[in-house]
Amino acid sequence: MIMKKSKLPVTLILSLVTILLTLSAGAQSLSTKQLTAEFDKILSEQFKPDETGCAALVAKNGQVIYRKAFGLADLELNVPMQPDMVFRIGSVTKQFTAIAILQLMEQGKLSLQDEITKYLPDYPMHGHSITIEHLLTHTSGIKSYTNIPEFRTMMRTDMTPMEIIEKNKALPMEFAPGTKWNYNNSGYILLGYIIEKVSGKTYAEYLQENFFTPLGMTGSYYGDNTKIIRNRASGYQPGEGGTVNADYLSMTLPYAAGSIMSTVDDLYRWNRALHSYKLVKKETLDMAHTTYKLADGKPVGYGYGWSLSELQGSRTIEHGGGINGYLSFAVYLPDEDVFVALLSNSNGKAPEFNSLRMAAIATGKPLPSTELKLSEEAMMEFTGIFTDEEGTERAITLDEGSLKSSRQGGTMRKLIAVEKDKFLFENSFTSLKFNRDASGKIISATFNDRGNLSELKKTDKSLDSRKEITLAESVLDRYVGEYQLAPGFTITFTREGNRLFTQATGQQRFEIFAQSESKFFLKVVDAQVEFVTGADGKVSTIYLYQGGNKTEGKRIK
């Protein structure tokens, strides 16, 4: 039977539309409530009310859906953190430097293929061609000035960009440009100098005139220790007795590699302006957000001022920052139009993992919430030594009832079972999937670091069965003291009862465990310490074994 198409009155259609819009708004409101509850739970667990804090912002489809602060902005004055407070953002600065370079490129004032000697004629090239693009992508081979031991002695000294460059020029290159990737702050110092030379403005002036003022970024500044900055959050770091004020750092040193101070609101304004193509053309921004490839064609996962990765299958454009007293992380998922910024005023509370968790939740792709429970017998099947194509070993061990993984020279991390033969690294989106042959025997594992895959083959090597032994307190007392491994870098050993602890300059304190009377090992990282007793019966030397290196330290206290 053929039915005639009926016509609904206009008033009825409008009523139905109104009802549908109301229902849709209600669903959106409920969804936002659920998201808020999830985000509150995540951040309140990391940032306690009476500890250092954070400011957080999440935006989706051009709308801010979450904006809150947790913890304290000033521990001494008991000042609560607020969402509009100003933080040092460290290396998140690099994307501002990169966009400045790209603006100058669009204006025809430079080329990314220009050799740096065009702007620094006497810079040593060591027979290579080092381009602006090499600096942007951390593939120049120039040694990073923040990695040299002398940097700690420089931290309080005001220096001009040229003084920093002069100090770095004498250092040997690490590799031929374009052949390897190694994160490099020196490259961005050089980029800042090039910006100044080409534009005729100081780096700080360029930021203010081209970014902060036109975009209304009123909470953003070129870093300054002396200027009064409204709503500046104080910076802290872990110390031997708990949280302490951050070590002083002259803000002339981070310069174009890490000098900017900002807020979560301003970072969102910056992100919207970028992706509305108000700062550079779409094709230029696409270049910045395309991974650089080495001479052998291998992608490095880094473009111009941004890391490029994935999160639960979604593309990400991201960067973190670490600087005295502060840690930062900002991530954008372009396909879902989700942006997350999380700023922390302690370099003991990293924001990256929780930023990614919040982004994953906002896109409807959260981490698995349940853990598969395995018996120790079942877990033993996964243990062993695995190696990648470069020969780097990864040990999978059973420790204190849990599977743990430690890369050669790296930190030991807990593995959490989420599927059959699949594990997530604790507090991470990185996974390890074990592969079996036809008989069911484990022969390899696939390491998935957010889309960056590598295969690990299981070897026949046996695990190092280090057994802990207990030493008398009188023996441990012989090792207590401070040992210098490099200028400005020491390791201190302290005793509590029959336990020995170690703390390196600027790092947390960890317990070390005796495997013999003179040799100890760490559980949190693949490292060993050996104490050497001299002819006088006193310990004056240590050897630190880590990452295949043996470093000697002399007792100074």
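Heads up: the structure comes first, above all this text.
Residues numbered from 1 in each chain as written. Predicted model: local features only at pLDDT ≥ 70, side-chain atom pairs only at ≥ 80, totals over all residues. Heavy atoms only, no water.

(A) Molecular detail of the overall build of the protein. Helix and strand counts for the protein come out as 13 helices and 29 strands. Here the C-alpha atoms of the protein give a radius of gyration of 27 Å, agreeing with the 24 Å that 2.2 N^0.38 yields for 557 residues. In the protein, of all internal contacts separated by at least 6 residues, the share reaching a separation of at least 24 is 57%. About 27,100 Å² of surface is accessible on the protein, with carbon and sulfur atoms providing 51% of the total. Both charge centroids of the protein, one from 63 positive and one from 64 negative side chains, sit 4 Å from each other. (Helix = DSSP H or I, 4+ residues; strand = E, 2+ residues; numbered from the N terminus. Rg over C-alpha atoms; globule rule 2.2 N^0.38 Å. Contact = heavy atoms within 4.5 Å. Areas by Shrake-Rupley, 256 points an atom, 1.4 Å probe, with all protein chains shown as cover. Lys, Arg positive; Asp, Glu negative; His and termini not counted. Charge placed at Lys NZ, Arg CZ, Asp CG, Glu CD.)

(B) Representation of helix α7 (residues 203-212) in the model. Within the sequence span of α7, burial applies to Tyr203, Tyr206, Leu207, Phe211 and Phe212. The arc that holds the buried residues of α7, viewed along the axis, is 145 degrees, so those residues lie on one side. Of the surrounding secondary structure, the elements contacted by the buried residues of α7 are α2 (93-106), α6 (185-199), β6 (221-222), α8 (255-258), β9 (260-262) and α9 (264-275). (Buried < 20%, exposed > 50% of the residue type's maximum accessible area, 1.4 Å probe, protein only. Arc of directions from axis to C-beta.)

(C) Looking closely at the pairing of strand β20 (residues 442-449). As paired strands, strand β19 (residues 431-436) and β20 are joined by six bridges and run antiparallel to one another. By the bridge assignment for β20, Arg436 is matched with Ile442. Counting the residues that bridge the hairpin from β19 to β20 gives five residues, and of these Gly440 lies at a positive phi of roughly 95 degrees. The sheet contact formed by β20 and strand β21 (residues 452-458) spans six bridges and is antiparallel. Bridged to Ala445 within β21 is Leu456. (Pairing = 2+ DSSP bridges.)

(D) Summary view of α6. Here α6 contains 15 residues, and its C-alpha end-to-end distance of 21 Å stays within 8% of the 21 Å for a straight helix at 1.5 Å per residue. Its side-chain oxygen placed 2.8 Å from the backbone nitrogen of Ser186, Asn184 serves as the N-cap of α6. (Expected span 1.5 Å × (residues − 1). Polar contact = N/O pair within 3.5 Å; in protein donor to acceptor, adjacent residues only side chain to side chain.)

(E) Looking closely at the sheet that holds strand β5 (residues 87-88). The three strands are arranged β5-β9-β6 in an open sheet whose pairing can be described as antiparallel. Every other strand in the sheet has two partners, leaving β5 and β6 as the edge strands with one partner each. Pairing geometry for β6 and β9, over two bridges, is antiparallel. Counted as the bridge partner of Tyr221 is Met261 from β9.

(F) A look at the pairing of strand β1 (residues 54-60). The element β1 is extensively covered by neighbouring structure, given that six of its seven residues are classed as buried. Pairing analysis gives seven bridges linking β1 to strand β2 (residues 63-70), with the strands arranged antiparallel. Within β2, the position partnered with Leu57 by the bridge is Arg67. Across seven bridges, β1 lies against strand β13 (residues 338-344) in antiparallel orientation. Residue Ala59 lies in a different strand from β13, and its bridge partner there is Phe339.

(G) Representation of the side chain of Ser144. Along the chain, Ser144 turns up in the loop between α3 (132-136) and α4 (151-154). Among the residues examined, Ser144 registers a relative accessible area of 2% and is labelled buried. At 3.1 Å, the side chain of Ser144 and the backbone nitrogen of Asn185 are in polar contact. Residues contacting Ser144, with those up to four places away along its chain left out, are Asn168, Tyr183, Asn184, Asn185 and Ser186.

(H) Structural view of the packing of aromatic side chains. All chains considered together, the criterion is met by 26 aromatic pairs. Between Trp181 and Tyr302, the aromatic rings sit 5.9 Å apart at their centres with planes inclined by 45 degrees, giving tilted as the arrangement. Of this pair, Trp181 sits in the loop between α5 (161-169) and α6 while Tyr302 sits in the loop between α10 (282-288) and β10 (307-311), and the two are 121 residues apart along the sequence. Residue class for Trp181 comes out partly exposed when judged on its relative accessible area of 34%. With a relative accessible area of 1%, Tyr302 lands in the buried category. Of note, Lys94 hangs over the ring of Tyr188, and the distance from its end group to the ring centre comes to 5.6 Å. Over the ring of Phe501 we find Arg509; its NZ or CZ atom is 4.1 Å from the centre of that ring. (Phe/Tyr/Trp six-rings, centres within 6.5 Å; stacked < 30°, edge-to-face > 60°. Lys NZ or Arg CZ within 6 Å of the ring centre and 35° of its normal.)

(I) Quick look at the sheet that holds strand β18 (residues 422-425). Taken together, the eight strands give a closed barrel; going around it, the order is β14-β15-β16-β17-β18-β19-β20-β21, and neighbouring strands pair in antiparallel fashion. Averaged over neighbouring strand pairs, the angle between their axes works out to 35 degrees when direction is ignored. Here strand β14 (residues 384-387) runs beside strand β15 (residues 393-399); their pairing, made up of four bridges, is antiparallel. Paired with Gly384 across the two strands is Ile396, which belongs to β15. (Axes fitted to C-alpha atoms, helices over the stretch in contact; angles between N-to-C directions.)

(J) Inspection of the side chain of Arg450 at higher detail. When you line up the elements, Arg450 lands in the loop between β20 and β21. A polar side-chain atom of Arg450 sits 2.6 Å from a polar atom in the side chain of Glu318. Those residues in contact with Arg450, other than ones at most four positions away along the chain, are Ser309, Glu310, Leu311, Thr316, Glu318, Glu352, Leu356 and Phe429.

(K) Main features of the environment of Ser431. Assignment of secondary structure puts Ser431 in strand β19. Sequence separation between Ser431 and Gly242 is 189 residues, and the spatial gap between their C-alpha atoms is 32 Å. Other than its neighbours up to four places away in sequence, Ser431 contacts Lys422, Phe423, Leu424, Phe425, Thr446, Phe447 and Asn448.

(L) Spotlight on the pattern of salt bridges. Counting across every chain of the model gives 29 salt bridges. For the salt bridge of Arg152 with Asp247, the shortest nitrogen-to-oxygen distance reads 3.6 Å. On the criterion of sequence distance, the pair formed by Arg152 in helix α4 and Asp247 in the loop between β8 (242-245) and α8 is long-range, its members being 95 residues apart. Taking the relative accessible area as the measure of exposure, Arg152 reaches 32% and is therefore partly exposed. (Salt bridge = Lys/Arg side-chain N within 4 Å of Asp/Glu carboxyl O.)

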